[in-house]
Amino acid sequence: MAFKIGLLGLGTVGQGTAAILLDREGRHPLLKEIELVRVGVRSLSKSRTIALPENLLTTDLEAIVTDPEIDIVVELIGGVEPARSLILKAIDHGKHIVTANKALISRHGAEIFSAANQKGVYVLLEAAVGGGIPVIQPMKECLGANRINTVMGIVNGTTNYILTRMQAEAANFDEVLQQAQELGYAEADPTADVDGLDAADKIAILASLAFGERIKLEQVYCEGIRGISATDIDYADRLGFTIKLLAIASRSLESDTDNISVRVHPTLVPKLHPLASINGVNNAIFIEGEPIGQVMFFGPGAGAGPTASAVVSDILNIAGIITTTNTPHGLAESAHPLMTCTHQHYCELAPIEELITRFYARFITRDLPGVIGKLGTCFGNHEVSIESIVQIDTHGKQAEIVVVTHDVREGNFRAALDELKHMDIVDRFPSLLRVL
Ligand SMILES: NC(=O)c1ccc[n+]([C@@H]2O[C@H](COP(=O)([O-])OP(=O)(O)OC[C@H]3O[C@@H](n4cnc5c(N)ncnc54)[C@H](OP(=O)(O)O)[C@@H]3O)[C@@H](O)[C@H]2O)c1
Ligand SMILES: N[C@@H](CCO)C(=O)O
Ligand code: NA
């Protein structure tokens, strides 16, 4: 065997990866050159769905990342520590890295890639975004000729599953979340998925690839789906939209300096847009570039098999390059320029107030003559142009009014809302959502 793999983690994705590496028949012939030699876990006694050859399992992960025999370390334990320290140590020992860890790369990518570049090793992460969907390598290689203006997508399967069920069954968030947890789609602590943090990690990685600059995760605007109600899903549907949690990175080339915006929030997507029809746990990433125009990558964004498919393709890519460049296994002397990360600078992201977008807002007001006129005047005073305004329902002495704006500056829209908050005709505005 030519290439020796040390696997860190034998959970969902680790077991899927081991299953492919131990069952090579009918797959790419290069897999026959790849051998799984060590697997690091926390507990030796835990029952696994996969039967490994004897003596592969260990709890000594340090021994794996420093083992001189191992060429590629595959990190599938997740989280920041000890994953970060183990990866840095593996790089220091000349190992190439394959990881699915978006939380780690979005926070410590600069440190990890700098160490890898210095050492001349590869760090590949196809599984970190979109699970099994090929998107990272295609962005680096197949779309390399393009100026990319927008990358946006549905990059979190759990929230897409919840929104799809809410849409299909007119159900509320809390009941669907509970069912998603019972079915094992949503984690016991669903915060990272439901509050958009997982999607923020992923869009930070995609934005960095699209625009060739490093992204400060703390500048990524992030809003989750806890506030989405069955009422808004119903109104959105009547107005021709589907509500999706979108992760969006866009660059405006019109201003003198690049204006880059990276954000995650629930969005009203027109039903005819390709992202509107992505349902259940599936993911899709939609890219606009010049000259290609629009492309979309679609498929399973999570799960043992799909995610392992991406992990093993990264292992094959590294093995393929090392085979053809004829360098000693641990150290590529001249790194393949389409497989490395050479970003040096952090870009400043535009604050959310500067975003130009359409809005959907639902107001509960007093049911009196002239209310719609007053809303319209207040918006007009703040240069917010209204596309449609409808009174959909009345409850006793209160009216429910839904407004959809044209493209407006978010700061102006919020200033109008601040003013409306203090008017006695407006009781409250339970929902405020952006429209694609
Ligand atoms: N699950 C998915 O569908 C999916 C999709 C895309 C990306 N990812 C990413 O893939 C990575 C792995 O996810 P997963 O779902 O496979 O996680 P998981 O099922 O929780 O598995 C984690 C594995 O890591 C081991 N581990 C954790 N901490 C350890 C430590 N301190 N020392 C030794 N071993 C440790 C665990 O050992 P024990 O088994 O002994 O407890 C377990 O085998 C994460 O970065 C995740 O974000 C997952
Ligand atoms: N929790 C993630 C797993 C894949 O990264 C999701 O629901 O999409
Ligand atoms: Na992927």
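Please read all numbers here as calculations on a predicted model, not as lab measurements. (Residues numbered from 1 in each chain as written. Chains lettered and ligands numbered in written order. Predicted model: local features only at pLDDT ≥ 70, side-chain atom pairs only at ≥ 80, totals over all residues. Heavy atoms only, no water.)

1. Some points on the UniProt feature "binding site: NADPH" (unreviewed entry) in the protein
In step 1: In this numbering, the UniProt entry assigns the feature "binding site: NADPH" (unreviewed entry) to Lys102.
In step 2: Of the residues examined, Lys102 reaches a relative accessible area of 24% and is grouped as partly exposed.
In step 3: Apart from residues no more than four positions distant in its own chain, Lys102 is found in contact with Ala128, Asp198, Asp201, Lys202 and Ile205. (UniProt positions renumbered as here; feature names shortened; annotations may be inferred. Buried < 20%, exposed > 50% of the residue type's maximum accessible area, 1.4 Å probe, protein only. Contact = heavy atoms within 4.5 Å.)

2. Here's the deal with the pattern of salt bridges
In step 1: Under the definition given, this model contains 23 salt bridges.
In step 2: We note a salt bridge from Arg226 to Asp195, for which the minimum N-O separation is 2.7 Å. Of this pair, Arg226 sits in the loop between strand S9 (221-222) and helix H10 (230-239) while Asp195 sits in the loop between helix H8 (191-194) and helix H9 (197-211), and the two are 31 residues apart along the sequence.
In step 3: Judged by relative accessible area, which is 44%, Arg226 ranks as partly exposed.
In step 4: Here Arg434 ties to Glu223 by a salt bridge, and the two come within 3.2 Å at their closest N and O atoms. Taken as a pair, Arg434 in strand S19 (residues 426-435) and Glu223 in the loop between S9 and H10 lie far apart in primary sequence, 211 residues in all.
In step 5: The exposure class assigned to Arg434 is buried, which follows from its relative accessible area of 1%.
In step 6: Put simply, Glu223, Glu410, Arg414 and Arg434 are held in one network by salt bridges that share partners. (Salt bridge = Lys/Arg side-chain N within 4 Å of Asp/Glu carboxyl O. Helix = DSSP H or I, 4+ residues; strand = E, 2+ residues; numbered from the N terminus.)

3. A closer look at H10
In step 1: Among all positions in H10, only Ala230, Asp232, Ile233, Tyr235 and Ala236 are buried.
In step 2: Looking one or two places after H10, you find Gly240, whose phi comes out positive at around 95°.

4. Comments concerning the nonpolar core
In step 1: Ranked by size, the top nonpolar core spans 80 residues in total, and within it Met139, Ile162, Leu206, Val220 and Val262 carry the most contacts.
In step 2: Take this core: its biggest share by element is nine residues, from H9.
In step 3: Dropping the residues within four chain positions of it, Leu206 is found in contact with Val129, Val135, Met139, Val151, Val155 and Ile285.
In step 4: With 35 residues, the next largest nonpolar core counts Val13, Ala18, Leu31 and Val74 among its residues. (Core = buried A, V, L, I, M, F, W, Y, C linked by side-chain atoms within 4.5 Å.)

5. Notes on the site of ligand 1
In step 1: For ligand 1, the set of nearby residues contains 22 residues, the closest of which are Leu10, Ser43, Lys46, Arg48 and Gly303.
In step 2: For ligand 1, an oxygen atom lies 2.8 Å from a polar atom in the side chain of Lys46.
In step 3: Side-chain polar atom of Arg48 to an oxygen atom of ligand 1: 2.5 Å apart, as the coordinates give it.
In step 4: Its free accessible area being 900 Å², ligand 1 has 78% of it covered by the protein chains. (Near = heavy atom within 4 Å. Polar contact = N/O pair within 3.5 Å; in protein donor to acceptor, adjacent residues only side chain to side chain. Areas by Shrake-Rupley, 256 points an atom, 1.4 Å probe, with all protein chains shown as cover.)

6. Overview of the UniProt feature "domain: ACT" (unreviewed entry) in the protein
In step 1: When the UniProt feature table is mapped to this numbering, "domain: ACT" (unreviewed entry) covers residues 360-431.
In step 2: Regarding residues 360-431, the helix share stands at 32% and the strand share at 46%, and the terminal C-alpha atoms are separated by 8 Å.

7. Some remarks on the coordination of the sodium ion (ligand 3)
In step 1: Coordination of the sodium ion (ligand 3) by the protein is provided by Glu126 (O), Glu126 (OE), Val129 (O), Gly131 (O) and Ile133 (O), with metal-donor distances spanning 2.4 to 2.7 Å.
In step 2: Positions of the donor residues of the sodium ion (ligand 3), expressed as sequence spacing, correspond to E-x2-V-x1-G-x1-I. We note that Val129, like Ile133, is buried. (Donors = N, O, S within 2.8 Å, 3.2 Å for Na, K, Ca; no water.)

8. Let's talk about empty space enclosed by the protein
In step 1: Overall, the coordinates contain one cavity of 30 Å³ or more when judged by the stated rule.
In step 2: The space that makes up the largest cavity amounts to roughly 30 Å³.
In step 3: In this structure, the largest cavity is lined by Phe113, Ala116, Asn117, Val121, Tyr122, Val123, Met339, Thr340 and Cys341.
In step 4: Per element, the largest residue contribution to the lining of the largest cavity is three residues, and it comes from helix H4 (residues 102-119).
In step 5: Broken down by class, the residue content of the lining of the largest cavity amounts to seven nonpolar, two polar and no charged. (1 Å grid on protein atoms, 1.4 Å probe; cavity = no way out; pocket = protein on both sides within 12 Å on 5 of 7 lines; lining within 4 Å. Points joined across faces, edges and corners; volume = space filled by probe spheres on them. Nonpolar A, V, L, I, M, F, W, Y, C, P; charged D, E, K, R; others polar.)

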